[in-house]
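Descriptive analysis of the structure
Residues per chain, in single letters:
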Amino acid sequence: MYSLTSNSEAARPFLTWQRIIDWSQEHYRIRTFAKDEKLPTRPGLVYLVQRGAVRLVGSAQVNATGNNASRLPRISPEEAFLGFVGAGQPFEIVAQSPFTLQSYAHVDQTSVLWMYWHDLDNWPHFRREVLDAFRYQHQRKLLWLSTLGQRRTIDRLLGFLTLLIEEYGEPSEQGYCLPFPLTHAQIGSAIGSTRVTVTRLMGKLRQRGMISTQGDNLLCIPTDSTLTRT
């Protein structure tokens, strides 16, 4: 299992990270959010998650083309779950019509700081780390797209959960588990399915021993050793 958060925090000098936090506090560039609170983001800024987790969602308002397009009712776009940004990771919001990106605190007491790109010039090594993190996120999105290309919904579901737990999972007696909950509706929006279908397919995956839950419905994927014990 690879966790960008744990690796980046281990490699990052503590004093550098502390100086960035101190700088953000001095410039009023840090804020703590409650669970599901919307972050007031805007393009052109770099955001860093200090604590907790941020949930990214997107929507698209695409109009039909043709002579009768103006007569068609305007349908409010649904938000699709696009992934998480964990502690120690950066993200940015890019505005490109007709697509809209939003971010929400996924857990309570999520702390986020922000700065302009030129502010990162104060910490050249940290700037390189941020760019490396963005490159890693891009590679993960390519894997995500390949998973979403699967024809069967159950394959998309298992692939999605595997990628998510590979990136953010923490070891436990059940194998590797997400450290925060994710609803079936959010999973459905990510894989192009419905909450009802996700619930049914999750039951199948549990019966096959391919996934499990622990605690407050935290999703887990067993490792080889946990499968051997069972």
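Scroll up to find the structure this text is about.
Presented here is an overview of the structure given in this document. These numbers were taken from a predicted model, which means no experiment stands behind them. (Residues numbered from 1 in each chain as written. Predicted model: local features only at pLDDT ≥ 70, side-chain atom pairs only at ≥ 80, totals over all residues. Heavy atoms only, no water.)

Thoughts on the sheet that holds strand 3 (residues 53–60)
Note the following rule: A pair of strands is considered paired only if DSSP assigns at least 2 bridges between the two. Runs of E in the DSSP output that reach at least two residues are strands. Runs of H or I that reach at least four are helices, and both are numbered from the N terminus. Each axis is a line fitted through C-alpha atoms, taken for helices only over the stretch in contact, and angles between the N-to-C directions span 0 to 180 degrees.
With antiparallel pairing, the three strands of this open sheet are ordered in space as 4-3-6. The sheet terminates laterally at strand 4 (80–86) and strand 6 (99–105), the two strands that pair on one side only. Adjacent strand axes in the sheet meet at a mean angle of 25° when their direction is disregarded. Pairing of strand 3 with strand 4 involves six bridges; the strand directions are antiparallel. Bridge pairing in strand 4 links Gly58 to Ala80.

Focus: the pattern of salt bridges
Spelled out, the test is: In the sections that follow, a salt bridge refers to a side-chain nitrogen of Lys or Arg positioned within 4 Å of a carboxyl oxygen of Asp or Glu. For each residue, the accessible area found with a 1.4 Å probe, counting protein chains only, is set against the maximum for its type, and the residue is called buried under 20%, exposed over 50%, and partly exposed in between.
One pass over the full model with this rule turns up nine salt bridges. When the shortest N-O distance is used, the salt bridge between Arg55 and Asp36 registers 3.2 Å. Of this pair, Arg55 sits in strand 3 while Asp36 is found in the loop between strand 1 (30–33) and strand 2 (45–51), placing the two residues 19 residues apart along the sequence. Taking the shortest distance from any N to any O, the salt bridge between Arg135 and Asp132 comes out at 2.2 Å. Taken as a pair, Arg135 and Asp132 lie in helix 3 (residues 124–148) at a separation of three residues, close to a single helical turn. When its relative accessible area of 49% is taken as the criterion, Arg135 is described as partly exposed. Here the salt bridges do not stand alone but share partners, grouping Lys35, Asp36 and Arg55 into one network.

Function-wise, these values are silent; they only describe arrangement.
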